[in-house]
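Structural overview for review
The chain contents come next:
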Amino acid sequence: MSFSYTLWFAFFGLIIGHLPGAITGAVVGFIFDNMRYSQRKNATPEAGGFVGPLFTLLGAVAKSDGRVSEQEIAIAERLMTRMNLDAELRKQAVVSFNLGKQPEFDVTQTITALRNWVGLRRDHAFPVLDVVIETVLAEGNPAPEKMSILRQLAFALRISDMELMALMAMKGYAWNAGGGQRSHGHGQGNGGGYVPPQRTTQGPDPYAVLGIDRGADDRAIKRAYRKLISEHHPDRLGDLPEDMRKRAESRASEINAAYDRIKEARGFK
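Now for the overall build of the chain. When its secondary structure is counted, the chain shows 11 helices and two strands. When the helices and strands of the chain are listed from N to C terminus, the series reads α-α-α-α-α-α-α-α-β-β-α-α-α. With 269 residues in all, the chain has 45% of them scored as buried. Of the contacts formed within the chain by residues at least 6 apart in sequence, a portion of 73% connects residues at least 24 apart.

Laid out in structure tokens, this is it:
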């Protein structure tokens, strides 16, 4: 949250009324800052404003390992259909995907555009990540270049590695963000050898889905569950495409199933 109003009001209050004035000004400024933050946090992103940058990023992810596979193209085409894009938006999506496929394409501006579209709406960040993860995992265990772009996006959208691991777990993949690799800023290095996400054979780890450690107490588990189910609830998505709402429903189902498994194992209600 920005405190620009707090600082400015405190400064002018100090000039006019010395220390008492500064305190009063800071309180008034903080109220304005808090109101502005709440408006930004609850603002609904522009409908369709994500299509261009999203498909550009999907193209970049697909090309990042040197080639675009048939699976990755098929995923992009299915996504256009599932999102029920009209002719104009579909054309934009195709052009954007091809743009992202260009050699040495820099994803920085595209990720910034997605971050600006999402704003402070974490509930809108997760559907975007969900779509990108689908392309990252299109060919199974992904190349490090794909995971690097995914982590850059997650960092920009204020999603932690732990939360990203939870999203991967919901897809049936186990991944340790720190396993066998050094992190450089928000990308990833290969200092210890890259270890890709691995498909699990026994279903999603319920603790990983909730983004908590196995040693967490019951209260922490309940708190993590309530936070997650609130952030992933499809009713909060406004006018996003139906495909993204269905993805949210799927994530909510995975979260509920994980919580039920933990409750049964631990014996609490």
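Once that is clear, we can look at the environment of Lys146. Here Lys146 shows up in helix α7 (residues 144-156). Residue Lys146 is classed as buried on the basis of its relative accessible area, which comes to 2%. Once the C-alpha coordinates of Lys146 and Val61 are considered, the two residues, 85 residues apart in sequence, prove to be 5.5 Å apart. The residues touching Lys146, leaving out its near neighbours within four places in the chain, are Val61, Ala62, Ser64, Asp65, Glu72, Val136 and Glu139. A polar contact is formed between the side chain of Lys146 and the backbone oxygen of Ala62, at a distance of 3.4 Å.

What follows covers the confidence of the model for the chain. Looking at the chain, the pLDDT average stands at 81 and 79% of residues meet or exceed 70. With pLDDT under 50 throughout, residues 36-47 is counted as low confidence; its partners more than four residues away or in other chains account for 19 contacts. In the predicted structure, residues 180-191 sits below a pLDDT of 50 and forms 29 contacts with residues beyond four places in sequence or in another chain.

For the rest of this paragraph, the subject is helix α5 (residues 108-118). Among all positions in α5, only Thr110, Ile111, Leu114, Trp117 and Val118 are buried. Down the axis of α5, the buried side of the element spans an arc of 120 degrees, and every buried residue falls inside it. Across α5 from its buried face, at more than 90 degrees, point the exposed residues Gln109 and Asn116. Against α2 (51-63), α6 (122-136) and α7 lie the buried residues of α5. Residue Gly119 follows α5 closely and has a positive phi angle near 65 degrees.

What counts and what doesn't
- Residues numbered from 1 in each chain as written.
- Predicted model: local features only at pLDDT ≥ 70, side-chain atom pairs only at ≥ 80, totals over all residues.
- Heavy atoms only, no water.
- Helix = DSSP H or I, 4+ residues; strand = E, 2+ residues; numbered from the N terminus.
- Buried < 20%, exposed > 50% of the residue type's maximum accessible area, 1.4 Å probe, protein only.
- Contact = heavy atoms within 4.5 Å.
- Polar contact = N/O pair within 3.5 Å; in protein donor to acceptor, adjacent residues only side chain to side chain.
- pLDDT = per-residue confidence, 0-100.
- Arc of directions from axis to C-beta.

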